[in-house]
Amino acid sequence: LNVSYNHIKDSEAYLLFWSIINNATLQELNISNNKITSLGARIIAEAIGRNTTLHKLDISFNNLCEDGAIAIGEYLRVNNTLQELDISSNKICNKGVESLAEALYVGTALKVLDISCNRITHEGLISFLDHIQVNTTLKTLIAKGNVITKTEMLLIDRYIKRVRIPPMSLHTSWTEVVLFYKQIAFKVNYVCFNMMLNCEMSIDNPEFAFCWFKYMQDLYYGCVLIGKCLKDSDTLQEFSLSDVIIEIPPEGIKEIINGLKVNTTLRKFDISNHTLSADGVTALSECLIHNNTLQELHVANARIFEHDFKLVVNTLRLNSTLRKLDISANCCRYGNKTVSVSVSSYLKNNASLQELNLRNVFVDVFQMDTVMKALCVNATLQKLVISHNHICDATAEAISNCLQCNNTLKVLDVSHNSISNVGALKITDALRINTALQKLNISFNFLRDNSITRFSSCLKVNHTLRKLNLSSNEISSVGATQIAVEIIQSNTVLKHLDISRHKLSYEAVNTISNCLQNNTAIEKLSISECRIDVDGTKSIEKALNVNFTLQKLDVSVNKISDDGAAAISDYLKMNVTLQELNMSNTKVAILGAVKLADALKINKTLRKLNISYNLLTDDGVEAIANSLRNNNTLEKLDLSFTHTTINSAAKFADVIQANSGIRTLKLVQMIFIKDALTYNLTILDAMCKNNVIMKLNLPETLSHEGRLQIFGKVRNINKERSKQGIHTFHTNVVVRWRKSYMYMY
C-alpha cells in the first residue's frame, strides 16, 4: 500500500491504524512525504505491534521527533515480522535512536534500518552501535546525512574496528555524506548550490541529496553541515547560496560564515538574497580579518542596515586579498552620511579591490559625491556599478570629475538613474580627456538628441571606449540618425553598440543600415525593440551582406515576421562572420522557421541562435530540428515558448543522437504539454548517445514522481559520462514561467 504525498495528518492516522490491524495480507506500507508527527507515529507504531504480516514500512520525510522514534522502538520489541524500516528525513535526535537500539538489543526481525538525514550526532550513532553488538539480524544500517563531521566519522570507524559488531553493511561514510557538495554545479529542487571545484567529482547517491534538501524541515541543521564542510574542504573554490529561493535563517547563514573562517581554499563566497543578522555581520567581519584566500564576496540584498554596513566596510580595510565586492541592494537611509564616508575612506586606502558593485545603495547626492571623490585618488578599481541610485545631473558632475582624474577605471555602469542632457554633457566632456574607460552603460536614463550630438563628437577624440549602451533613453529617429552617421560610420574603435528600446522610423533604420555597410569596427549591434518592420529588416539584410566584421546581432522584439526572416535567411546562407543571432519575439511563424532551417543547413559560422517566443508550432520546430542533421557548428539553440507539443519530441530525439555541435538546448514551453513526462524522457533517452550537450532546458508540467524520474535519468546519463571521462551536463526543468524562480535539477 502506497499512500505517500497525500498530506496525511495525525488525525487521519487512525484510518491507517485499523487498516494495518485488520488486513491479513499487507506486506509493504509506504506513508512517506506526509505530515505525520510523533503523535501519529505512536498510533502507527501501536498498529505495527499488533500486525503479523507487515515486512516493510517507510515513514520517511515526515515530522517525527524523538517521541515518535521512542514509540516505534517500544512496539518493535513485540513485532517479529517487520524486516525493513525507513525513518529517514525526520527530526529524530539521539534519544530516539537509542530507543530503536534497545529494541534491536532485545531482538527483532529487522534486517534493514534507514535513519538518514536526521539530527543524530556521532555520540548517538556510537551509542546505537554499542547497543546492537548482540543483534544477529540487522544486515544494513543507513545513517547518511546526519550531523557528523569528517573527524567524527574517523572516531566511528575506530570504534567499529575496536568493538566486535556483527557483520553488516554500514552506510555512514563521510564520502557518501559530503560528495554531493563536491561537484561542478549540482542543482536540486528548491535549492541550487553552485559550488565550483578545481576537480570534478561525481555524486554517489543523488536521490538522497535531492530528497534531503527538498524536504528538510529545519534548514539550520543543513547550514551546520555546510559550515562543517567548508571547514574540512581542501578543494572547494566557489560557494554560492544566491540561487536558493527559500529563505535561509540568519542563524544558519552565521554557521556557514563560521565555516569560512578556517577555510583556506575558497576564492568566491556568495550569500546574496539572504538576510544577514547583526551576529552574521559580526561573524563575516571576523572572517574577513582572518581569511587570506577569499577574492570575491557577494552580499547583495542581504538587508544590511547602516550600522552593520559600516562595520563590514571598515573591516575590509584590514583585508588585502579581496578583488571583487558586491554589496548592492542594501539599506542606506536618505541623508545618512556614515555609510558613504566609510565606503569613501575604504576606497581611498584600498590597494587590492578591482570591482565594486554599489547598485541601489545610495539615495542622495551627498552620498554619491563622497564616493566619486574617493575614486579620484583610487588607483586599483577597474569596474564600478552605481546603477539604480537616483543619480541626477548634480551627481553627474562628480562622475565627470572622477573620470578626468582616474586612470584605472575601465567599466562604469550608471544605468537606471535620472541623468538628463545636462548630466550627459558633463560625462561626455570627461570622456574627451579620459584614456582608460572601455565600457560605459548609460541606459535607462533621460538622454535626448542633444546629448547624442555631443557623444558623437566626443567619440571622435576618445580612442579607448569599446562598449557603449544607450538603450532605453529618449532618443528619437533624429538622434538615431546622428548615431548612425557620427558613430557607426565614422568611429573605428567602438566594438559594441546598444541602441535598443527606441522608436525608430524606417528612415532612421535605413540610415543605420547604410552606415553599417562601411563600418569595419562594430562586432556587436543591438537594435532590439525598435519597431523595425519587414522593410527595415530587408534594409539591414542588405547592409549585412557587405559587412564582414559584425559577429553578434540582436533584432529581438521587432515585427520582422516571415518575410523578414526570409531576408535574414538569405544573408545567413552567405554569411561568414555572424556568430550570434537573437530573433526572439519577432512574429516569425512556420514559413519563417522553414526559411531559417534552410539557411542553417548551409551556414557554418553561426554559434548561437535564439528564436524563442515565436509561433513556430510543431512544423516549424521540426524543420529547425531537421536542419541540425547537416549543421554541427551551432552550439546554442533556444526554441523556448514556440508552441511545441509532444509530436516534436521524436524529431528532436533523433537529431540529438546525431548532432555533435549543440551544447545548450532550450525547449521550455509556455503552453501546457499534456505528456510532458513522455516528452522529457524521450529527449533524455536520446542524450544517452550524445556526449556533447552540456545544458538542457526542458518543459515542466510534472508531478513530483515525474521530476524524480527525470532526475534519475540525468543521474544515469552522467554516471556513464563520468566513466568515459566526459563532462556531466545539467538539466533545468523550468516551471511557473511568470515567477522569479525555477525548479532545478
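Remember, it's a predicted structure, so these values are computed and weren't measured experimentally.

Some details on helix H10 (residues 250-261)
Residues separated by three or four positions in an α-helix point in the same direction, a consequence of the helix having 3.6 residues per turn. Given a rise of 1.5 Å per residue, 12 residues ought to cover 16 Å, and the 17 Å separating the end C-alpha atoms of H10 matches this to within 8%. For H10, the complete set of buried residues consists of Gly252, Ile253, Ile256, Ile257, Asn258, Gly259 and Leu260.

Description of a nonpolar patch on the surface
A surface patch of nonpolar side chains, amounting to about 320 Å² of accessible area, comprises Tyr105, Val106 and Val134. Counting through the fold element by element, Tyr105 comes out in helix H4 (residues 94-106).

Quick notes on the environment of Ile44
As for its position among the elements, Ile44 is in helix H2 (residues 38-50). Residue Ile44 is classed as buried on the basis of its relative accessible area, which comes to 1%. Considering only alpha carbons, one finds Ile44 and Leu16, 28 residues apart in sequence, at a separation of 7.0 Å. Beyond its immediate stretch of four places on either side in the chain, Ile44 contacts Leu16, Ile20, Ile31, Ile36 and Ile59.

Digging into a positive patch on the surface
Among the surface-exposed residues, Lys383, Lys439, Lys467 and Lys524 lie close enough to one another that they form a single positively charged patch. When you line up the elements, Lys467 lands in strand S18 (residues 467-469). The partly exposed category is assigned to Lys467, whose relative accessible area is 33%.

Considering helix H1 (residues 13-22)
For H1, the complete set of buried residues consists of Ala13, Leu16, Phe17 and Ile20. Each buried residue of H1 sits inside an arc of 110° when the element is viewed along its axis, so together they form one side. Projecting away from the buried face of H1 at angles above 90 degrees are the exposed residues Leu15 and Asn22. Elements that come into contact with the buried residues of H1 comprise strand S1 (28-30) and H2.

Details of the environment of Arg323
Checked against the element boundaries, Arg323 lands in the loop between helix H12 (306-316) and strand S13 (324-326). Put simply, Arg323 and Leu356 are 33 residues apart on the chain and 8.7 Å apart in space, counted from C-alpha to C-alpha. Apart from the residues within four sequence positions on either side, Arg323 is in contact with Gln295, Ser352, Leu353, Gln354 and Glu355. Within the structure, the side chain of Arg323 is placed 2.9 Å from the backbone oxygen of Thr321, a separation counted as a polar contact.

Notes on the packing of helix H21 (residues 561-574) against helix H22 (residues 590-602)
H22 packs onto H21 with a crossing angle of 5° between their chain directions and a minimal axis gap of 8 Å. What the angle tells us is that H21 and H22 run roughly parallel. Across from Asp562, Ala565, Ala566, Ser569, Leu572 and Lys573 in H21, the residues of H22 making contact are Ile590, Leu591, Gly592, Lys595, Leu596, Asp598, Ala599 and Ile602. Across the contact of H21 with H22, the residue classes tally to 8 nonpolar, 2 polar and 4 charged.

What about the nonpolar core?
With 137 residues, the main nonpolar core has Phe269, Leu276, Leu384, Ile386, Leu412, Leu497 and Met583 as its most contacted residues. In contact with Leu276, other than residues within four places in its own chain, are Ile253, Ile257, Ile271, Val281, Leu284, Val299, Ala302, Arg303 and Ile304. In terms of nonpolar packing, the next biggest core, distinct from the first, is built from 45 residues, Ala101, Ala103, Leu129 and Leu138 among them.

Here we look at the packing of helix H11 (residues 278-290) against H12
Interaxial distance between H11 and H12 falls to 9 Å at its minimum, and their mutual angle equals 5°. Between H11 and H12, the interaxial angle falls into the category roughly parallel. In this structure, H11 contributes Ala278, Val281, Thr282, Ser285, Leu288 and Ile289 to the contact, and H12 contributes Asp308, Leu311, Val312, Thr315 and Leu316. Here the contact of H11 with H12 is composed, by residue class, of 7 nonpolar, 3 polar and 1 charged.

Rules and cut-offs
The residue count restarts for each chain, going from 1 along the sequence in the order it is written. Given that this is a predicted model, residues contribute local features only at a pLDDT of at least 70 and side-chain atom pairs are listed and counted only at 80 or more, while totals for whole chains, interfaces and linings are drawn from all residues. The side-chain figures draw on all heavy atoms in the structure; neither hydrogens nor water molecules are used. The helix count covers DSSP runs of H or I at least four residues long, the strand count covers runs of E at least two residues long, and both are numbered beginning at the N terminus. Here the expected span of a helix is defined as 1.5 Å times the quantity of residues minus one. Residue burial is assigned from relative accessible area. The probe radius is 1.4 Å, only protein chains are included, and a residue is buried under 20% of its type maximum, exposed over 50%, and partly exposed in between. Only residues whose relative accessible area exceeds 30% and that form no salt bridge enter a patch; like-charged residues are grouped when within 9 Å of one another, and nonpolar side chains (Val, Leu, Ile, Met, Phe, Trp, Tyr) when within 5 Å. Using a 1.4 Å probe, accessible areas were evaluated by the Shrake-Rupley method; residue-level cover was limited to the displayed protein chains. Salt bridge, as used here, is a side-chain nitrogen of Lys or Arg placed within 4 Å of a carboxyl oxygen of Asp or Glu. Contact criterion: two residues are considered in contact whenever any of their non-hydrogen atoms come within 4.5 Å of each other. Only four residue types enter the tally: Lys and Arg on the positive side, Asp and Glu on the negative side; His and the chain ends are excluded. Lys charges are placed at NZ, Arg charges at CZ, Asp charges at CG and Glu charges at CD. The reported arc concerns the directions from the helix axis to the C-beta atoms and nothing else. As used in this structure description, the phrase polar contact means that two N or O atoms lie within 3.5 Å; if the pair is within protein, one of them must be able to donate a hydrogen and the other to accept it, and residues adjacent in sequence are counted only when both atoms belong to side chains. To get an axis, fit a line to the C-alpha atoms, keeping to the stretch in contact for a helix; angles then go from 0 to 180 degrees between the N-to-C directions. Working definition: roughly parallel below 35 degrees, roughly antiparallel above 145 degrees, roughly perpendicular at 65 to 115 degrees, and oblique for all remaining angles. When residues are grouped by polarity, Ala, Val, Leu, Ile, Met, Phe, Trp, Tyr, Cys and Pro land in nonpolar, Asp, Glu, Lys and Arg in charged, and all others, Gly among them, in polar. In these notes, a set of buried Ala, Val, Leu, Ile, Met, Phe, Trp, Tyr and Cys residues joined through side-chain atoms within 4.5 Å is what counts as a nonpolar core.

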